[in-house]
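Commentary on secondary and tertiary structure
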Amino acid sequence: MPYFEVRDWVGKLKPSPPRRGAIEEYCGVDRETLKEMYSVMVLARRIELEEKVLLRKGLCRFFIGCGGKELIDVVAAHLLHPDDPFVGYYRNKAFDLYRGVTIEQKILEAIGDRRSSSTGGMLQPSHSSYPELAILPQASPTGSHALEAAGLGEAIENPTPITGPIGIKGGRYRRDSIVFCSIGEGSTSSPEFHRAVFYSVYNQTKNIFGIYNCGWAISTSVNEQFPEGNPTTSFEGFKRFGLLIEEFDGTRIKETLSAFKRMVEYVRDSRGPALANINVVREESHSGSDDQSHYMEPTLQLYHIEHDPLRETAKTLIDDGLFAPEELVAIFDRTDDDVKRVTDEVVAGYQRKSYDDVVGKVYSYKHDTAEERWRALIRERGGSRAGRYEELYKRGLLESADLPENQPPMTLRKAINYSLFDIFMLSDDTVLFGEDVADFAAEVFAKGPEITDKLRGKGGVFLVTKGLQRTFGPERVYNTQLDEAGILGRAQGHAYQGRVPFPEIQFIDYMSPAYQQLKDRIATIYQRSGGNVRLPMVIRTSYGGYKQGAGAMWHSEANLGTFINIPGLHVVVPSNAADAAGLMRTAFVSGDPVLFCEAVALYNRNDWDGYKIAAKYPTIEELIPFGKAKVYNADARDILIITYGITFSMTMKAAQALAEKNINARAIDLRTVKPIDWDAIEEAVKECSKVLVVSEDRFYGGVGPTISAYIANNLFEYLDGPVRIITAQDARVAYGSDGDEICLPQINRIVEVAVELVGY
Ligand SMILES: Cc1ncc(C[n+]2csc(CCOP(=O)(O)OP(=O)(O)O)c2C)c(N)n1
């Protein structure tokens, strides 16, 4: 019901005399607090009225309301501790206001003002981010946030002390914190939600999932989503493992208070997580672009009006004699004045976003800052490395007692393994998890050295993480369930708690289930929080073909174009052992999410047909900046070949063959394909004027065409011929060595195209 209609309706209610003992029915909440709760509910509704007015004036561009959910919001905000983290969705205005968000901030959100401390005006209204009030940044993809809540529950429960700086304002949540996640009932159909509840049960974390069930997900009814129209039925079996399931009417204050209190006590007592199916109503349509009168039967429309919690709550409070109708009406009037006054002030000072406000808030990485972080760690702990490596050698966990930089050239696999050892030694605030990454399953590890010392252990399907669990323990290095979305989704929770997670996606081919977490949640965090929240993490994944025919369709992907198209994500592709170590260190201290792509075909090779891949491990001080390519044969001018990853070694082999034909090829190894070192490309194009791009990615939307487009766009006048590109075929890699040969770039083709281009 619209604001002033509710006000008038409340004003017409019959006053009741005070009833003895009535207040005791409100779970210990006193009269003043009830007034405060009701005031916030009214305020939320009034701000929404203002949003609609601003919408009509063209100042607000989108409306999505919390009408009908105000009561459960204020009850939850009241019964939780103010620093319990909240992972909410776009219907939680009243929760925010109860926690202390101001009218001014809500209006700034509505008009997308750059001054909004929540999002810097980046997001549609009602997508909050107030980390200082333990309200974590929201995003629009429904359901996806639940995994973050489960991950944060796990991160809080993880007993490993965190010694580094607090990740976000208000972060480093206390051990007894409850993570509250709210969600619409339709969104609980998402696999992410199911997995999130599962994880909270499996890990016995302090999570409450509140399903705000208004019966409709836009125009899809709850009966079209669940048997018996009940979103909790599929979780019944989890009761056996401690899941508390509550069902209550979130439009009735006493029922809501007592049910939510039960959940808070149960969860805070570590008896298990809780899940609630909460009946709420939809005060208006789904959003400003929906009209529920088109598909909702009139009787049901009436039900949603009559069960408006602003009405229900007022009636209960008045019937119990706690308030006179005019006292509550006075709240409406006062609130009306406040919102009008603040809105006028905010709108008068409206500030548009500048280009830098938006584009400058996509990446937080600055190499100097990253380097300073790394140096500080070395200053603090670097001196103990030698002793620790010796000790690990004595325990039989390493093949050498020497520091890695004092060892002979090593393979990519070994260099990455050592890089992880180094990073985990230098910082306690790191966790590594994924499918098969641990040396042992948790139950085997728990049996102790008597058993594990007799086994070689696993440590990743390519043994890249070997020995890490044995060294750093099962709380920092552990296997996860086979669930890519779960791996990346939960990593965010760990980052919120102040650790730098190293989630592993076993093969980039299997990133697809995690794509939404990566693209929409992880990579957007810095921008969507207006530059206030960072989620540093190193997402390691194996990639690429050239596996002597073994890779085939689902173990050969090198589709990095898919990932460079994600704003906010750095994409790193080392082509040799030394670069892998330098880039891994930068990834760790970059402050941003990084996709670290490891070429399986290079893991264990010392060379590629004689071209050396094994390299000396760099000294511990060395970092390689992102966006800094390496130029080979820098004096050559006949042709420039730009490449990265596996095809870099092949390019160098091709360059040898070209040299025999008196063609001097310069090569650029990009090392990071996001960012790309345009300066290095520019300099080389100017000097070479013939350009070939070799990319294991496919043509459509791939890395190669991106580089070619840049050159065509910016450096055309320096060219002496077309930019040629060699890419993978527009096919998935077929099985067998013939499959590799047909589908992927080959050395002889590089030579052939280079010769043709030089002669152009
Ligand atoms: C992953 C995803 N799919 C689709 C949408 C479009 N969408 C936005 S809200 C919504 C309905 C959500 O309904 P429900 O979860 O019941 O929450 P309610 O809005 O009713 O509170 C849909 C389909 C989206 N935002 N995200």
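Presented here is an overview of the structure given in this document. (Residues numbered from 1 in each chain as written. Predicted model: local features only at pLDDT ≥ 70, side-chain atom pairs only at ≥ 80, totals over all residues. Heavy atoms only, no water.)

Time to look at the packing of aromatic side chains. Counted under the stated rule, the structure contains 34 aromatic pairs. Considering the side-chain rings of F507 and Y510, the 5.9 Å spacing of their centres and the 90° angle between planes classify their relative orientation as edge-to-face. Among the residues examined, F507 registers a relative accessible area of 10% and is labelled buried. With a centroid separation of 5.7 Å and an interplanar angle of 85°, the aromatic rings of F699 and Y700 are classed as edge-to-face. (Phe/Tyr/Trp six-rings, centres within 6.5 Å; stacked < 30°, edge-to-face > 60°. Buried < 20%, exposed > 50% of the residue type's maximum accessible area, 1.4 Å probe, protein only.)

This brings us to the pairing of strand β21 (residues 724–728). Across four bridges, the pairing between strand β20 (residues 691–698) and β21 is parallel. Bridge assignment links V693 to a residue of β21, and that residue is I725. Handedness of the crossover joining β20 and β21 through helix α27 (residues 703–714): right-handed. (Pairing = 2+ DSSP bridges. Helix = DSSP H or I, 4+ residues; strand = E, 2+ residues; numbered from the N terminus. Right-handed = clockwise from strand over helix to strand, strands pointing away.)

The next subject is the side chain of E185. Summarising the element assignment, E185 is placed in the loop between β2 (179–184) and α7 (191–202). An unpaired buried charge is present at E185: no salt bridge exists, and R282, the closest side chain of opposite charge, is 7.0 Å distant. Residues in contact with E185, not counting those within four places in the same chain, are I211, Y212, N213, C214, G215, W216, A217, V222, F226 and P231. (Lys, Arg positive; Asp, Glu negative; His and termini not counted. Salt bridge = Lys/Arg side-chain N within 4 Å of Asp/Glu carboxyl O. Contact = heavy atoms within 4.5 Å.)

Before going further, it helps to spend a moment on the sheet that holds strand β12 (residues 570–572). Taken together, seven strands build an open sheet; the order of strands is β9-β8-β10-β11-β13-β12-β19 and the sheet is mixed. The two strands at the open ends of the sheet, each matched to only one other strand, are β9 (477–479) and β19 (672–674). Strand-to-strand twist in this sheet, taken as the mean axis angle between neighbours without regard to direction, amounts to 20°. Pairing geometry for β12 and strand β13 (residues 593–599), over three bridges, is parallel. Paired with V572 across the two strands is F596, which belongs to β13. (Axes fitted to C-alpha atoms, helices over the stretch in contact; angles between N-to-C directions.)

Glancing now at the pattern of salt bridges. Under the defined criterion, the tally for this structure stands at 55 salt bridges. Between E598 and R540 there is a salt bridge whose closest N-O contact spans 2.7 Å. Of this pair, E598 sits in strand β13 while R540 sits in strand β11 (residues 537–543), and the two are 58 residues apart along the sequence. Assigned by exposure class, E598 and R540 land together as buried. A salt bridge links E687 to R637; the nearest nitrogen and oxygen atoms lie 3.9 Å apart. One end of the pair, E687, is in helix α26 (residues 678–688); the other, R637, is in the loop between β16 (630–632) and β17 (639–643), and 50 residues separate them in sequence. R637 sits in the partly exposed class, given a relative accessible area of 49%. A network of salt bridges, in which partner residues are shared, links R19, E25, K254 and D320.

Across the eight residues that make up β20, a large majority, eight, are buried. Note that β17 and β20 share three bridges and pair parallel. Directly across from I642, in β20, lies its bridge partner V693.

Here the focus is helix α8 (residues 253–268). A rise of 1.5 Å per residue sets the reference length of α8, with its 16 residues, at 22 Å; its end C-alpha atoms lie 22 Å apart and thus fit the reference within 8%. All buried positions along α8 are accounted for by I253, T256, L257, A259, F260, M263, V264, Y266, V267 and R268. Positive phi shows up at S270, right after α8, with a value of about 60°. (Expected span 1.5 Å × (residues − 1).)

By themselves these figures say nothing about function.
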